[in-house]
Amino acid sequence: MTDPHQAGDAREQAAPARPLARTDFADGEWHRLHPATPLFRGGIAFVAIIGVLIVNLRDRLIALFVGADDDDFVNGGDLESDAIDYLVREQLVLVALLAGIGLLLLIIAGFWLSWRVHMFRITDEVVEVRSGILFRTNRKARLDRIQGINIARPFVPRLFGAAKLEITVAGNDASVPLAYLRGTDADALRRDILLLASGAQRPAAAPDAVGAAGAAAVGSGEGIGGMLEQRAAELLAPELDVEVAQPQSVVRMNPGRLIGSTLLSETTIILVAMLIALTVFIAITGELGLLLAMFPGLIGLGGFLVTRITRSLRYSIASTPDGVRVGFGLLSTTNETLPPGRIHSVKVSQPLLWRPAGWWQIAVNRASRSSQNGAAGQQQTTILPVGNLDDVRAVLRLLLPEVATDEATPALEQGILGRDVDGGWIVSPPRARVLRWFSRRRNGYLLGPTAVLLRTGAIWRSLTVVPLTRTQSVAVRQGPVLRALRLGEVHVHTVAGPIVPAIGALDRLDAMRLFDDVAAASVRAARGDTSHRWRQA
Amino acid sequence: MSEPIEQAEQAARAEQAEPRSLTRSETEWQRVSPRYIPVDMIGTLVFGAIATTAGFLPFWFGWREGWFIGAGLALIFIITLALTPRRVRSIGYLLRDDDLLFRRGIMFQRFVAVPYGRMQLVDISRGPIARAFGLAELKFVTAAASSGVLIPGLPLAEAERLRDHLVAVAETRRAGL
């Protein structure tokens, strides 16, 4: 309970440094994390353990004061009762209490020590973290290899104004977490890291708008009342800072659409089917045993749906100078910045049930795996959980600004909705109808100047966009069935993810042409690619 | 509505493109060593013997009609063995100006083009049988797991030369992820 004060004191100490646009975290020196970090990381479990102990001792405490019969000891575990009886009998209560307090102090000292040695620094080249008392770890990540920076505010730390910053680089488990920092510091630090990573010169661009906003926010924090007020303001504040992104570049989620799309998902269908099956079964057999067996599954599915909705509320995608920013969450909030050129492929797709409503979703392949879960509870690869065509257009423009240009808009529209060869698309030949019953006229590709577009599916429609600067390799394949039909299939290889960019059942000559063109174009594109230093002209 | 045009187009294409497979104009493919044929065959034989024996187990344990499992497996492995020389001869690679072109397969044809700049690492590995024949296999790894460029049956010296060449070229054409 002392921690709010502690955090508040530290905040006021930090206040004089505020008016500077840059945090002093990015100065290349070693820094420590938020002083309340141990509480957020281990403290919750600690409180839970004490809670469990109290619940278990409840009966004994009641017995102590009320003097109930011995027969009432049903809930308290036998072992526990025996142990406490033993302690009372042997008059060791004081010793046990002292031992308990000693253990508590030891744990607190351990937490404090681990906070002391957990330090990070950010230089012009790398971000480095060292931690651990017995097992020391030291992790360094190159700034120009950053794939994304994520700021998460789980509910409890958020109440105390703390946030978790996570810098991800390519690969599995390749992230540098800084948990926890003061919320405003985390925002400023992210801006600084991105600025350093972008290749811009240090003093050149320092957007002071946000710094000023931060200073204003801190300025109101006078005393405990002021601090509480400020917490409340932070909790109720719009998820996205107005200064960071231009309003016209922001895509927001409509809550009605979010709920509707979740209700029209496969999970809901399974849930409803299970409920119907259950009702019918019970009505026929009159047996309630199955209800008990199915109950956990039903609860789990229902919980999944609710989590999905609450996590995706207040969803926003915005463009910032340092990349796309995706934020969401009602109680626990998360927002992530993906610098330019970190998106390896984009897929616009439409589940069958969403078709009447005209809703779409957008997923991406990216080289990093964030430990933070995405809006729908899965990896952070679904960028737009649900949106109409306008949203899709806007998000494509945000994700791939060099691909979704004004000239490319008709091609993209054709890719999402169209079919046949209009607009230069090349589709499967009529003999491919055996393999693509309904989608023969839609199944096709278009090679643009900066990306290859793959269009598939007439019932489950989808469009995959792979920027040529990000293709790793390309393959053309043919098995016996395709051979008999003189067809071929082309795979464009990108980093692993939910999207597998491939197009099957093309005429063999078209397939070969696409293969050769993509191979040549991706070499050209890679040569001119400077996205790892996106602000360096 | 464009059906007649498509049909005409199709007919024209069928004429000009008699072969059904993915034929390419490149002729100067680098092939793998013919010594790789026995290496591949021995590997298939060992695996085939084990699998066939396992396939006959139900038969030996009293299921009289179960012979077809083992026999079918044996047949599959015999066909695989018979096709090994052709399959090995179909493996080839080509060092183009900016990328590595790799091909393999006859029934299941596959061509891959990997820009040198996308190389993450090159691996040379040698199994016991390949080592006895003085061969090695070279793996070209990119950030995409599906690239799958694995050139088997290279004489060790050639594999090492190829590796050094690839590393050198990749350095000059270095690209991001």
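Below, the structure is looked at part by part.

Check the secondary structure of chain B and you find five helices and seven strands. Counted from the first residue to the last, chain B has its helices and strands arranged as α-β-α-α-β-β-β-β-α-β-β-α. Residues classed as buried in chain B amount to 38% of the 177 residues present. Restricting to contacts in chain B with at least 6 residues of sequence separation, those with at least 24 account for 54%.

Attention shifts here to the overall build of chain A. Scanning chain A for helices and strands turns up 15 helices and 21 strands. Taking the contacts inside chain A whose residues are at least 6 apart along the sequence as the reference set, 60% of them involve residues at least 24 apart. On chain A, roughly 25600 Å² of surface is accessible, and the fraction owed to carbon and sulfur atoms is 64%.

Here we take up the interface of chain A and chain B. Each partner contributes to the interface: chain A provides 41 residues, whereas chain B provides 36 residues. In total, about 3300 Å² of surface goes out of reach between chain A and chain B, with carbon and sulfur atoms giving 49% of it. A salt bridge links R24(B) to D516(A); the shortest N-O distance between them is 2.8 Å. For the side of chain A that touches chain B, the secondary-structure elements that each account for two or more residues are β19 (473-478), α14 (480-484) and α15 (508-527) of chain A. Element by element, the count of residues in the side of chain A that touches chain B is highest for α15(A), at 11 residues. When its residues are assigned to classes, the side of chain A that touches chain B shows 17 nonpolar, 11 polar and 13 charged. As paired elements, β19(A) and strand β4 (residues 109-115) of chain B share five bridges and run antiparallel to each other. Across the sheet, the residue bridging to V474(A) is A113(B), located in β4(B).

All right, on to the sheet that holds strand β2 (residues 119-122) of chain A then. Pairing is antiparallel in the open sheet, where four strands are placed in the order β1-β2-β3-β4 (chain A). This sheet does not close on itself; its edge strands, each paired only once, are β1 (31-32) and β4 (137-142) of chain A.

Another point: the packing of helix α10 (residues 266-285) of chain A against helix α11 (residues 289-312) of chain A. Residues and elements named next belong to chain A. Running from N to C, α10 and α11 point in directions that differ by 160°, and their axes come no closer than 10 Å. Between α10 and α11, the interaxial angle falls into the category roughly antiparallel. Our pair here, α10 against α11, has a crossing hand that is left-handed. Residues T267, T268, I270, L271, M274, L275, L278, F281 and I282 of α10 form the contact with α11, whose participating residues are L290, L291, M294, L298, L301, G302, F304 and L305. When grouped by side-chain class, the residues that make up the contact of α10 with α11 number 14 nonpolar, three polar and no charged.

About the cut-offs
- Residues numbered from 1 in each chain as written.
- Chains lettered and ligands numbered in written order.
- Predicted model: local features only at pLDDT ≥ 70, side-chain atom pairs only at ≥ 80, totals over all residues.
- Heavy atoms only, no water.
- Helix = DSSP H or I, 4+ residues; strand = E, 2+ residues; numbered from the N terminus.
- Buried < 20%, exposed > 50% of the residue type's maximum accessible area, 1.4 Å probe, protein only.
- Contact = heavy atoms within 4.5 Å.
- Areas by Shrake-Rupley, 256 points an atom, 1.4 Å probe, with all protein chains shown as cover.
- Buried area = accessible area lost by both parts, 1.4 Å probe.
- Salt bridge = Lys/Arg side-chain N within 4 Å of Asp/Glu carboxyl O.
- Nonpolar A, V, L, I, M, F, W, Y, C, P; charged D, E, K, R; others polar.
- Pairing = 2+ DSSP bridges.
- Axes fitted to C-alpha atoms, helices over the stretch in contact; angles between N-to-C directions.
- Parallel < 35°, antiparallel > 145°, perpendicular 65-115°, else oblique.
- Left-handed = near helix turned anticlockwise from the far one by under 90°.

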